[in-house]
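A structural walkthrough
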Amino acid sequence: MLKITSKHLEVTPSIRERIEGRLEKLSRHDVPLINPHIIITQEKQLFKIEASVGIPNGELFAQAKSENLYSAITAMGQKLQKQLNRTQDKPTANRRDTPEHIEEAVVLDEEEFEDEEYAA
């Protein structure tokens, strides 16, 4: 259930559709979005949009400002997408200290010590 709060601005159906479209792109990752809450604020000629979306293993938060409301929505959606990608891909990311790299380092260290003994 999407909750949209606005300050100094009326949420039109086109704005709601644009926000829902951006959140649908997040749902492509097969991650349930828990209580997404969007806050839209208009400050003079600047639109500020904040999004707080719960996911099973944490929470995503993004904030964007722009003179154009639709570009602010797009920027906010891209930030959420980037955070979701990071949280989803983190367990499978390649790490430097995998057992293969550790074994290679041990073999190289032993060879260096053998060379030093022969040099002395």
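Preceding this section is the structure that the text describes.
These notes cover the structure that comes with them. (Residues numbered from 1 in each chain as written. Predicted model: local features only at pLDDT ≥ 70, side-chain atom pairs only at ≥ 80, totals over all residues. Heavy atoms only, no water.)

This part covers the side chain of threonine 41. Considering the arrangement of structural elements, one finds threonine 41 in strand 2 (residues 34-43). According to the relative accessible area criterion, threonine 41 is buried, its value standing at 14%. (Helix = DSSP H or I, 4+ residues; strand = E, 2+ residues; numbered from the N terminus. Buried < 20%, exposed > 50% of the residue type's maximum accessible area, 1.4 Å probe, protein only.)

Considering all chains together, one arrives at 2 salt bridges under this definition. In this structure, the salt-bridge partner of arginine 16 is glutamate 20, at a minimum N-O distance of 4.0 Å. Placement of the pair is arginine 16 and glutamate 20 together in helix 1 (residues 13-26), with a separation of 4 residues, close to one helical turn. Look at arginine 16 and you get partly exposed, because its relative accessible area is 33%. The shortest N-O distance in the salt bridge between glutamate 50 and lysine 48 comes to 3.4 Å. For glutamate 50, a relative accessible area of 21% gives the class partly exposed. You can call lysine 48 buried: its relative accessible area is 18%. (Salt bridge = Lys/Arg side-chain N within 4 Å of Asp/Glu carboxyl O.)

Assignment of secondary structure puts serine 52 in strand 3 (residues 46-55). At 2.4 Å, the side chain of serine 52 and the side chain of glutamate 59 are in polar contact. Aside from chain neighbours lying at most four places away, what touches serine 52 is Asn35, Pro36, His37, Glu59, Leu60 and Phe61. (Polar contact = N/O pair within 3.5 Å; in protein donor to acceptor, adjacent residues only side chain to side chain. Contact = heavy atoms within 4.5 Å.)

The next subject is the pairing of strand 2. Direction of pairing for strand 1 (residues 3-7) relative to strand 2: parallel, over a ladder of 5 bridges. By the bridge assignment, isoleucine 4 is partnered in strand 2 with isoleucine 38. For the crossover that starts at strand 1, traverses helix 1 and ends in the parallel strand 2, the hand is left-handed. Of the strand pairs in this sheet, strand 2 and strand 3 are connected by 8 bridges, and their pairing is antiparallel. (Pairing = 2+ DSSP bridges. Right-handed = clockwise from strand over helix to strand, strands pointing away.)

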